[in-house]
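Working through the structure, step by step
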Amino acid sequence: MAEQAPKWVYSFGGGHADGSAADKNRLGGKGANLAEMSRIGLPVPPGFTISTGVCAAYYENGGRLPEELKPMVDEALAKMAAYTGAHFGDVDHPLLVSVRSGARASMPGMMDTVLNLGLNDDTVEGLARRTGDRRFAYDTYRRFIQMYADVVLGLDHGLFEDVLENYKALKGFELDPELHAEDWIEIVARYKRLVEKELTLRFPQSLRDQLWGAISAVLGSWQNARAIAYRRLHDIPDDWGTAVTVQTMVFGNKGNNSATGVVFTRNPSTGANELFGEFLLNAQGEDVVAGLRTPQPLTEMASAANGNGKPSLEALMPEAFAKLRDACVALEKHFRDLQDIEFTIEAGELFMLQTRAGKRSTQAALKIAVDMAEEGVITKEEAVMRINPAQLDQLLHPTLDPNADMTVLVKGLPASPGAASGEIVFDADEAVHMKSQGHTVILARIETSPEDVQGMHAAAGVVTTRGGMTSHAAVVARGMGRPCVAGAGAAHIDLERETLEADGVVLQKGDIVTIDGSSGKLIKGRVTMRQPELSQDFSTLMHWADSLRRMEVRANADTPADARHARDFGAEGIGLCRTEHMFFQENRIVAMREMILAETKETRRAALAVLLPAQRQDFIELFEIMAGLPVTIRLFDPPLHEFLPNEEDAIADVAEAMRVSVAHLKRRIGVLSEFNPMLGQRGARLLVTYPEIVDMQARAIFEAAIETGKELHHRVRPEIMVPLVATKRELDIVKERIAVTARAVEKERETSVAFQVGSMIELPRACLVAGEIAEVAEFFSFGTNDLTQTTFGLSRDDAGRFLGEYADKGIINHDPFMTLDTAVGELMEIGVERGRAVRPDLKIGICGEHGGDPETIGFCEKIGLSYVSCSPYRVPVARLAAAQSALEK
């Protein structure tokens, strides 16, 4: 007996559904939410969803649909006929359907859609008789031919646009609505001839062939270039696959009592509790998203704010608008989140076509989460979990200074908040290339399409001359956190000449412009920026997050400015002060180079004596700013090549300061040069061989601690960290040297000093012998930058040449210097386990760049680290990620 095929088709409609919102993995977000809307009684056109399991079978089967699917689809089509009275292929009452993709994660515009499927030369006549409107029937047929030929047959839609535009020019028409039924009949004939000429085949008349072709094309689009790029940018696994939803068509293009649109239940830019969206009269849904026509506002309030004179849906169709408003309330209450809803009004009757959690700016996400928690819709814990920590970066960078002089060229729609300046470019690939060359660019397009997504990601901001607040550009830019100005219709872009003209000014490729996505302005030149002012919603949510997390969050700070930023952003101390970074300043670099290049202890001590006062003053400032919070100071860890002079002028300056000849100094530089400086005489190796460095740094730390303690009236307890430790004996030697200096300073100052000495754990050997090191170390801090380098055996400075290709070929999932690699994580687990076996209360942190990566922070919570430390601007990210990790655990 043959094995029965799994259930692959799930019907919905008429208040019933086979699935629900809980079936997102199987039915994708679109299919699961359509089922849920149907179950709760909203007006959803009936249909069915083909599960993601078919996507897997399709690719396993070499790009062919499984035969077992066909009877399941036939049964589902029969159910649709029972609900609607229309039958697929019936000449007198034809059923028309849409075929859409739907993965479990929203991927707007990345995969393919086919609308109006079910028309051929016979059924189009049936549709005309049924509706009494031949113009509508043939307009719908020409739309179908163009979309099907593009998506399924691979014929460029621009060829069809050319046919239509040439016909309109010949007949003296400007707009599509001016064409009559006879015109659309002629366009249909020309479209079919175009297909036959370009592809040497007749446009398919078999409706079953049309349906299977469309389903196959949608499944095939899971692996198109733009979908793959989008998944990589948003960490969506390739093996999730897409579902396919086949749904009864409803028509927003049946005249002026019909419309189609998009509505958000709250404002996705600001978070305000007001309906936000737009619609087009007498149009189909793709017209809104594609941005080919500038839409009208939904509400009277939005109409008054826009001031463009276009009437709102609320004014034109008050009954349909009232039903839409009620549906929005019901959906937000049901899903307990901001909803992004697609709707169509056919001859005055409202239909709900899709709902999903709406993409929103970070400002809006914070406000919505806090408001919903305070309204009692969600808990404070849920509010904390709602915010993507990485997106907080958008709040922590400059915006336009409102007092700055600016030449506004054009004002469009404020589609995604924030501001950016850069060189204007007109091509997505050019944006990617320019970004790779170190340029900051603004991408300007007439409208964006899914093919532009990589260019949008590379750009600092996006401006379009067409489209509205829910166009592709707006939705994708908001999701990426890029500022966007959409629908700047008073500007003219010439893609061939690569120019933008507005207000009598012509901008060429490479000219500097500024965009303000919060006001919709495109501005000539660069505009002064100002530091952000964090909202009360931000403060409220971070307060909730702090009350929920276990790990401390510290900052990597080498200068007083860094330390002040860190405190402003809520850091609970300094987890890494890289002391060698204090000497890159022009007035200190020569003395630092003298110290490194010294050939005797005496000359080295003399150079260190020059550095001591500056080092001590730096530590005093850090201790004062941190006001009793922990400060972890890493002793010198300079890869020598970063400090050795290379240029003739620099060599001459050092030679003069050391009173030696240039030739002599060059020989000394040659002696110190290393084949692999990152694995050379640095860290503990430098401190063991040149102990006078330890003496100077320890003295500067202790003297600063004593002075600051007197001013603050409480004891400062510095944490001194020894870098690149591989053996217990290295740490023994350096720790003893620190202790000797401490006793000397105590004697001189007639006061005691309190301090701890710990070890960086940044070599695989250190992880394996962590138990031995813990006998001496009073704390550990994982330096994951070096630990990653030494685990992989690669150089962080050179790895960028091939890591991208490794990601493309599936060798790695992430850049291991951005998100912690699993093998590096396993070494950390070993280090934690063996260290705490010897010293159970061992304080352990992480201070590499990974300390600000949310995924890595989750791992740190799992293995029980005491704190994470990251760059100052990443501190809020780490605070939120630490809270989410604690809640998940």
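Refer to the preceding data block for the structure.
Residues numbered from 1 in each chain as written. Predicted model: local features only at pLDDT ≥ 70, side-chain atom pairs only at ≥ 80, totals over all residues. Heavy atoms only, no water.

1. Some details on the sheet that holds strand β20 (residues 499-502)
Operational definition: Note on pairing: two strands pair once DSSP finds at least 2 bridges between them. Starting at the N terminus, helices and strands are each numbered in turn, a helix being any DSSP run of H or I of at least four residues and a strand any DSSP run of E of at least two. Whenever a helix is involved, its axis is fitted only over the stretch in contact; in every case the axis is a line through C-alpha atoms, and angles between N-to-C directions fall within 0 to 180 degrees.
Pairing in this open sheet of three strands is antiparallel, and the strands run β19-β20-β21 from one edge to the other. The open sheet is flanked by β19 (492-494) and β21 (505-508), the only strands paired with a single partner. Shown here is a sheet whose adjacent strand axes are inclined to one another by a mean of 20°, direction ignored. Judged from the four bridges that link them, β20 and β21 form a sheet pairing that is antiparallel. From the neighbouring strand, E501 faces β21, where its bridge partner is V506.

2. Comments concerning the packing of helix α22 (residues 601-626) against helix α26 (residues 691-712)
Inclusion rule: Orientation is classified from the angle alone, with under 35 degrees giving roughly parallel, over 145 giving roughly antiparallel, 65 to 115 giving roughly perpendicular, and any other angle giving oblique. Rotating anticlockwise by less than a right angle from the far helix to the near helix defines a left-handed crossing, while the corresponding clockwise rotation defines a right-handed one. For this scheme, ten residues count as nonpolar: Ala, Val, Leu, Ile, Met, Phe, Trp, Tyr, Cys and Pro. Four count as charged, namely Asp, Glu, Lys and Arg, and the remainder, Gly too, count as polar.
Where α22 meets α26, the closest approach of the two axes is 8 Å, and the angle between their N-to-C directions is 30°. Comparing their axes, α26 and α22 come out roughly parallel. Crossing geometry of α22 relative to α26 is assigned as right-handed. Considered class by class, the residues forming the contact of α22 with α26 number 13 nonpolar, three polar and 11 charged.

3. Structural notes on α26
Keep this limit in mind: How far a helix is expected to stretch is found by multiplying one less than its residue total by 1.5 Å. We call a residue buried when its accessible area falls under 20% of the maximum for its residue type, exposed when it is over 50%, and partly exposed in between, using a 1.4 Å probe and counting protein chains only.
An ideal rise of 1.5 Å per residue puts 32 Å on 22 residues; α26 measures up with 31 Å between its terminal C-alpha atoms. Among the 22 residues in α26, 18 count as buried, and that is most of the element. Just past α26, the residue H713 takes up positive phi, approximately 65°.

4. Description of the nonpolar core
Put simply, the rule reads: Residues belong to a common nonpolar core when they are buried Ala, Val, Leu, Ile, Met, Phe, Trp, Tyr or Cys residues joined through side-chain atoms within 4.5 Å. The criterion used for residue contact is that any of the two residues' heavy atoms lie within 4.5 Å.
F782 and L865 are the most contacted members of the largest nonpolar core, which totals 122 residues. Residues in contact with F782, not counting those within four places in the same chain, are I761, C767, L787, M828, G831, V832, I844, G845, I846, C847, G848 and L865. Counting 89 residues, the second largest nonpolar core, distinct from the first, contains C55, Y148, L179 and L207.

5. Notes on a negative patch on the surface
Condition: In this analysis, a patch consists of residues with relative accessible area above 30% that form no salt bridge, clustered at 9 Å for like charges and at 5 Å for the nonpolar side chains Val, Leu, Ile, Met, Phe, Trp and Tyr. Method for areas: the Shrake-Rupley scheme with a 1.4 Å probe, in which residue coverage is limited to the protein chains shown. Put simply, a salt bridge is a Lys or Arg side-chain nitrogen that is within 4 Å of an Asp or Glu carboxyl oxygen. In this tally, Lys and Arg are treated as positive and Asp and Glu as negative; His is ignored, and so are the chain termini. Where a charge lies is defined by one atom per residue type: Lys uses NZ, Arg uses CZ, Asp uses CG and Glu uses CD.
A cluster of acidic side chains, namely E647, D649, D653 and E656, defines a negative patch on the protein surface. Judged by its relative accessible area of 42%, D653 is partly exposed.

6. Looking at unusual backbone geometry
Positive phi, close to 50°, is recorded for T200, a residue that is not glycine. Examined against the element boundaries, T200 turns out to sit in the loop between α7 (181-199) and α8 (207-220).

7. Thoughts on the environment of A383
Along the chain, A383 turns up in helix α15 (residues 380-386). Residue classification places A383 among the buried residues on the basis of a relative accessible area of 0%. Placed 18 residues apart in sequence, A383 and A365 show a C-alpha to C-alpha distance of 9.4 Å. Apart from the residues lying within four places of it in its own chain, the contact partners of A383 are A369, A373, I378, L541 and W544.

8. Overview of the state of the cysteines
Here is the rule we go by: Throughout, disulfides are identified as pairs of cysteine sulfur atoms within 2.5 Å of each other.
Applying the stated criterion across every chain, the model contains zero disulfides. The structure places no disulfide on C767, whose sulfur is separated from the nearest cysteine sulfur, that of C847, by 13 Å. Overall, the relative accessible area of 0% leaves C767 in the buried class. For C870, which is in no disulfide, the shortest distance to another cysteine sulfur is to C860 and amounts to 11 Å.

9. Concerning helix α9 (residues 225-233)
Stated formally: Within 3.5 Å is the distance limit for a polar contact, defined as a pair of N or O atoms, with the added protein rule that one can donate a hydrogen and the other accept it, and that residues adjacent in sequence qualify only through two side-chain atoms.
What α9 keeps buried is the set R226, A227, A229, Y230 and R231. Elements that come into contact with the buried residues of α9 comprise α17 (453-458). The opening residue of α9 is N224, an N-cap whose side-chain oxygen sits 3.2 Å from the backbone nitrogen of R226.

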